[in-house]
Amino acid sequence: MTEETTQEEVVDTASTFKEAQRRSDATWAKLRAGETKGFRVLTGDRPTGALHVGHLFGTLQNRVRIQDLGVETFIVVADYQVLTDRDTADAIEDNVRDVVLDYLAAGLDPKRSTIFPHSHVPELNQLLLAFLPLVSMPELDRNPTVKEEIKAANLRTVNAAMYVYPLHQAADILFCKGNLVPVGKDQLPHLELSRKVARRFNERFSADVFPPVHALLSDIPVVLGLDGQKMSKSRGNAVLLKHTAEETAKLIKGAKTDSDRNIAYDPDGRPEVSNLLRLIAACTDDTPEAVAARIGDGGGGKLKATLTEALNAFLAPMRAERKRYEAAPDHLQSILRDGIVRAREVGEKTLREVRKAMNMSYSL
Ligand code: TRP
């Protein structure tokens, strides 16, 4: 089913990215100015494990900021999407719990943000069936993020969920008429699909059910792992929110630096050192250059010590909050139950409109 990405698509992706960035900046300006009306945020994660600081700086902080600005927020835990690139569901329950604890630790407030696993919202899942006729197979096959995930997962056979999950993601977003989606740039192809599906649905069924969907990109789209590679739990190069201060210190001790004792911010020439500087800067609300100047000739040792202290201090209140929720499993369950009830209410309303537009509201 695969075909090579054409040059045209590469160019297209670049211009799409620039356009998304421009839009995202404009939306941020609006939100910061208190113009939150008409926006509904939907975003989420695949529960494949506890979240790390890459998630925190890449998206979680953004979500909290948006929630605190007063925008209605929905957070989907995309548990079905776990099975796109793995065969077993054994770890899903634990992982959902970990992810939700991480959300709460990071500052998502269940009173203001609706948190739910999509497996428990049948109305959302049914939308996928309404969306399937709106896309072609080659369109699903062309998705560059899906292609990359297939390559990265080294799969013997690729299951259909892998090709279809971006459409399921459109259902995640559109079931509640979400129009703002805070994500990293790897998700832009999926949002492009959501936008197309919303438009095609409205056009084909002469209805005005779904809004246009836009990405809200974060200031730090990519924080790398401690070895300068993509941050991921399985590579052992990630600091998790749930790690202890000691575990964090040990991980950072093993971080990759270089032999130049003079610490300087040089993302191209010294990617690993620069990444650690960015991490410190994110914790101390500084620029990486200013952090580098402070460390000066201190070398990798001082760089790591500075990062350990900054990161542990920054994460301490979140880790304490996480522990509090962890000690109250009944409360955690009731948060999820409430989230599901709210999501189903909203989904039922949308599904009713969808059925009506599709001439399928026979008995209603
Ligand atoms: N595909 C996303 C990821 O891999 C997770 C996700 C599922 C999502 N549904 C979503 C993100 C809806 C934003 C909106 O990270």
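Reading the values: rules and limits
- Residue positions are given per chain, counted from 1 along the sequence in the order it is written.
- Since the coordinates come from a predicted model, pLDDT governs what is reported: local features require at least 70, and pairs of side-chain atoms require 80 or more to be given and counted, while whole-chain, interface and lining totals use all residues.
- Remark: hydrogens and water are excluded; side-chain values derive from all non-hydrogen atoms of the structure.
- For this document, the term salt bridge refers to a Lys or Arg side-chain nitrogen within 4 Å of an Asp or Glu carboxyl oxygen.
- Helix and strand definitions follow DSSP, with helices as H or I runs of at least four residues and strands as E runs of at least two, each counted in order from the N terminus.
- Buried residues are those whose accessible area, probed at 1.4 Å on protein chains only, stays under 20% of the maximum for their type, while exposed residues exceed 50% and partly exposed ones sit between those limits.
- Definition of nearness: a residue and a molecule or strand are near each other if at least one heavy atom of the residue lies within 4 Å of the molecule or strand.
- Distance and chemistry together define a polar contact, namely a pair of N or O atoms within 3.5 Å, with one atom able to donate a hydrogen and the other to accept it when in protein, and with adjacent residues in sequence counting only for side-chain atoms on both sides.
- For accessible areas, the Shrake-Rupley method is used with a probe of radius 1.4 Å. Any residue's cover is judged against the shown protein chains and nothing else.
- Basically, the charged four are Asp, Glu, Lys and Arg, the nonpolar ten are Ala, Val, Leu, Ile, Met, Phe, Trp, Tyr, Cys and Pro, and anything else, Gly included, counts as polar.
- Definition of nonpolar core: a set of buried residues of the types Ala, Val, Leu, Ile, Met, Phe, Trp, Tyr and Cys, connected through side-chain atoms within 4.5 Å.
- Domain delimitation follows an automatic or database domain assignment.
- Here, two residues are considered to be in contact whenever any of their heavy atoms come within 4.5 Å of each other.
- Buried area: the accessible area, evaluated with a 1.4 Å probe, that two parts lose upon being put together, summed over both parts.

**Here we look at the pattern of salt bridges**
When their charged atoms lie close together, side chains carrying opposite charge are able to pair.
Consideration 1: For the coordinates displayed, the defined rule picks out 26 salt bridges.
Consideration 2: Residue Glu19 pairs with Arg23 through a salt bridge whose shortest N-O separation is 3.7 Å. Of this pair, Glu19 and Arg23 both sit in helix α1 (residues 7-32), 4 residues apart, which is roughly one turn of the helix.
Consideration 3: A relative accessible area of 35% means that Glu19 is categorised as partly exposed.
Consideration 4: Of the charged contacts, one joins Lys242 and Asp98 as a salt bridge, the two residues approaching to 3.1 Å between their closest N and O atoms. Of this pair, Lys242 sits in the loop between β5 (214-217) and α9 (245-253) while Asp98 sits in helix α3 (residues 92-106), placing them 144 residues apart in sequence.
Consideration 5: Taking relative accessible area as the criterion, Lys242 reaches 39% and is therefore assigned partly exposed.
Consideration 6: Here Asp98 falls in the buried class, since its relative accessible area comes to 9%.
Consideration 7: Among the charged side chains, a salt-bridge network with shared partners connects Arg97, Asp98, Asp102, Lys242, Arg322 and Glu326.

**What to know about the site of the ligand**
Consideration 1: Around the ligand, the surrounding shell holds 15 residues, and the nearest of these are Gly44, Gln81, Gln169, Asp172 and Gln187.
Consideration 2: In the model, a nitrogen atom of the ligand is placed 2.7 Å from a nitrogen or oxygen of the Asp172 side chain.
Consideration 3: Contact distances for the ligand include 3.2 Å between a nitrogen atom and a side-chain N or O atom of Gln187.
Consideration 4: Expressed as a share of its isolated accessible area of 370 Å², the protein-covered part of the ligand is 89%.
Consideration 5: Mapped by element, the contributors of at least two residues to the shell around the ligand are β1 (40-45), α7 (160-174) and β4 (180-183).
Consideration 6: Per-class residue counts for the shell around the ligand are 7 nonpolar, 5 polar and 3 charged.

**Side note on the nonpolar core**
Consideration 1: Of all hydrophobic cores here, the largest spans 50 residues; its most connected members are Tyr103 and Leu311.
Consideration 2: Every element with two or more residues in this core is listed here: α2 (53-68), β2 (72-77), α3, α10 (271-284), α11 (288-295), α12 (299-326) and α13 (329-357).
Consideration 3: At 9 residues, the largest contribution of residues to this core is made by α3.
Consideration 4: Both domains that meet at this core, namely domain 1 (3-222 + 328-357) and domain 2 (243-326), each give it at least three residues.
Consideration 5: Discounting residues that sit within four places of it in the chain, Leu311 has contacts with Val53, Phe57, Val239, Thr248, Ile252 and Cys283.
Consideration 6: In this structure, Ala170, Val213, Ala215 and Val346 belong to the second largest nonpolar core, which totals 41 residues.

**Digging into the domain arrangement of the chain**
Consideration 1: Domain boundaries assigned for the chain yield domain 1 (3-222 + 328-357) and domain 2 (243-326).
Consideration 2: Measuring from the centre of the C-alpha atoms in domain 1 to the corresponding centre in domain 2 gives 30 Å.
Consideration 3: Contacts between domain 1 and domain 2 engage 17 residues on the former and 13 residues on the latter.
Consideration 4: Both sides together, the interface formed by domain 1 and domain 2 hides about 1300 Å², and carbon and sulfur atoms give 66% of it.
Consideration 5: If you sort the residues of domain 1 by the area they bury against domain 2, Phe57, Leu101 and Ala105 come out on top, with a joint share of 35%.

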